[in-house]
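A structural walkthrough
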Amino acid sequence: MKDSNFHRYLEEINEKFEGWDFSSIYDTGRIQNSLLSWSYGSKVISAMQGATAILDMGTGGGEFLSLLKGYYPPTVYATEGYKPNVPIAKRKLEPLGVKVYEVIDDEHLPFPDNHFDLIINRHESYSVRELKRIIKTNGIFITQQVGGWDCKELNDWFGFAVNSEFKEWNLQSALKNFSIDQWEILEQREEFPTQRFYDLGAVLFYLKAIPWQIPDFSVEKYQDALYRLYQHLEEVGYLDATQSRFYMKVKCK
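Reading the values: the criteria
Residues numbered from 1 in each chain as written. Predicted model: local features only at pLDDT ≥ 70, side-chain atom pairs only at ≥ 80, totals over all residues. Heavy atoms only, no water. Phe/Tyr/Trp six-rings, centres within 6.5 Å; stacked < 30°, edge-to-face > 60°. Helix = DSSP H or I, 4+ residues; strand = E, 2+ residues; numbered from the N terminus. Buried < 20%, exposed > 50% of the residue type's maximum accessible area, 1.4 Å probe, protein only. Lys NZ or Arg CZ within 6 Å of the ring centre and 35° of its normal. Pairing = 2+ DSSP bridges. Axes fitted to C-alpha atoms, helices over the stretch in contact; angles between N-to-C directions. Contact = heavy atoms within 4.5 Å. Parallel < 35°, antiparallel > 145°, perpendicular 65-115°, else oblique. Polar contact = N/O pair within 3.5 Å; in protein donor to acceptor, adjacent residues only side chain to side chain. Right-handed = clockwise from strand over helix to strand, strands pointing away. Core = buried A, V, L, I, M, F, W, Y, C linked by side-chain atoms within 4.5 Å.

Attention now moves to the packing of aromatic side chains. For the structure shown, the criterion picks out 23 aromatic pairs. Centroid distance Tyr101 to Phe111: 5.3 Å. Interplanar angle 85°. Geometry classified as edge-to-face. One end of the pair, Tyr101, is in strand E4 (residues 99-102); the other, Phe111, is in the loop between E4 and strand E5 (116-122), and ten residues separate them in sequence. Take Tyr101: its relative accessible area is 25%, and that puts it in the partly exposed class. Aromatic rings pair up to connect Tyr126, Phe141, Trp169, Phe178, Trp183 and Phe246 into one cluster. The ring of Tyr9 carries the charged tip of Arg8 above its face, separated from the ring centre by 4.7 Å. If you follow Arg196 out to its NZ or CZ, it ends over the ring of Tyr238, 3.6 Å from the centre.

Here is the structure:
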């Protein structure tokens, strides 16, 4: 019979998660990440100096952008494609003067041509063609992306293959989309830090927040695999997964 602690952890799948707020799990140390050699936040703050109009693509619940309010230029916009996040982002950002737009796809953004001198994007999809349309000449695009093999160890544990659509998504494939006649690559880095999970509840929180990791995940379907993982975590104390992160800063010619 599976013990009571295991079932207590399973109940964490029902805890509320909204916006893009991982503080309850990271701030308590239940998940920890090894360090990258760059800081997306520092890169963005530096690029905001002298900007007049910026766009934050995929703002989530506005958590990151709201922290930068002391650096805002005169015009700040944000987009979000996940419908439940849109009202959360509006409540957080619009009192700060940020206009939030819900978007349906990357190819049709609700902005005029040559509008932004800085576009930022953290872990969000984008269309290079649409970026080119809405960014000014000499405008800067900064993005941090998640590679296609991110946390593959979780997929291995649950016997679920890595999504074939994103297998080839990495720094080199992303760079190929920015033609040298239209863009100048200013900075680029790619690294594979470790993400360490310390208990089963932390894994469940992550899989709920990142549903595309195991798209068919449910406690009922994977209960046996979850119990094996619970036993591993109780014995070893942690599970390590390899993240995939890359960063680019490009300038529109």
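Taken together, three strands build an open sheet; the order of strands is E1-E8-E9 and the sheet is antiparallel. Edge positions in the open sheet fall to strand E1 (31-33) and strand E9 (239-242), since each of these has one partner strand only. Recorded for the sheet is a direction-independent mean angle of 20° between the axes of neighbouring strands. As judged from the four bridges shared by strand E8 (residues 194-197) and E9, these two strands associate in the antiparallel manner. By the bridge assignment for E9, Phe197 is matched with Leu239. Helix-sheet contacts for helix H9 (residues 200-209) involve E1 and E8, and the interaxial angle to E8 is about 125°.

Ordered in space as E4-E3-E2-E5-E6-E10-E7, the seven strands form an open sheet in which the pairing is mixed. In this open sheet, the two strands that pair with only one neighbour each are E4 and strand E7 (183-191). Shown here is a sheet whose adjacent strand axes are inclined to one another by a mean of 15°, direction ignored. Where strand E6 (residues 135-146) and strand E10 (residues 245-252) come together, seven bridges link them in antiparallel fashion. If you follow Thr143 over to E10, its bridge partner there is Met248. Sheet contacts for helix H3 (residues 40-48): strand E2 (53-57), E5, E6, E7 and E10; angle to E5, the most-contacted strand, approximately 170°.

Turning our attention to the packing of H9 against helix H10 (residues 223-236). Contact geometry of H9 with H10 gives a least axis separation of 9 Å together with a crossing angle of 135°. Considering the angle they form, H9 stands oblique to H10. Taken together, the residues of H10 that come into contact with H9 (itself represented by Leu200, Val203 and Leu204) are Leu226, Leu229, Tyr230 and Leu233.

Here the focus is H9. Burial analysis of H9 places nine of its ten residues in the buried class, which makes it a mostly covered element. Every buried residue belonging to H9 is among Leu200, Gly201, Ala202, Val203, Leu204, Phe205, Tyr206, Leu207 and Ala209, and all of these are buried. Of the surrounding secondary structure, the elements contacted by the buried residues of H9 are helix H1 (4-10), helix H2 (23-26), E1, helix H7 (152-158), E8 and H10. Where H9 starts, the residue carrying a side-chain oxygen 2.9 Å from the main-chain nitrogen of Gly201 turns out to be Asp199.

Turning our attention to the pairing of E4. Examined bridge by bridge, strand E3 (residues 75-80) and E4 share four bridges and lie parallel to one another. The partner of Glu80 across the bridge, within E4, is Glu102. Between E3 and its parallel partner E4, the chain crosses via helix H5 (residues 85-93), and the hand of that crossover is right-handed.

In terms of nonpolar packing, the biggest core is built from 32 residues, with Phe158, Leu200, Phe217 and Leu226 touching the most fellow members. Within the residue set of this core, elements represented by two or more residues are H1, H7, H9, H10 and E9. Considering each element in turn, this core owes the most residues, eight residues, to H9. Residue contacts for Phe158: discarding those within four places in its chain leaves Leu207, Ile214, Phe217, Tyr222, Ala225, Leu226 and Leu229. Formed by 24 residues, the second largest nonpolar core is a distinct cluster that contains Met57, Ile119, Trp183 and Cys252.

This part takes up the pairing of E2. In regular strands, side chains alternate between the two faces of the sheet. Taking burial as the measure, the five residues of E2 include five buried ones, the bulk of the element. Neither face of E2 is left uncovered, since the one carrying Ala53, Leu55 and Met57 and the one carrying Ile54 and Asp56 both have all their residues buried. Examined bridge by bridge, E2 and E3 share four bridges and lie parallel to one another. Opposite Asp56, over in E3, you have Ala78 as the bridge partner. Bridge count for E2 against E5 is four bridges, and the pairing is parallel. Residue pairing across strands places Asp56 opposite Ile120, the latter belonging to E5.

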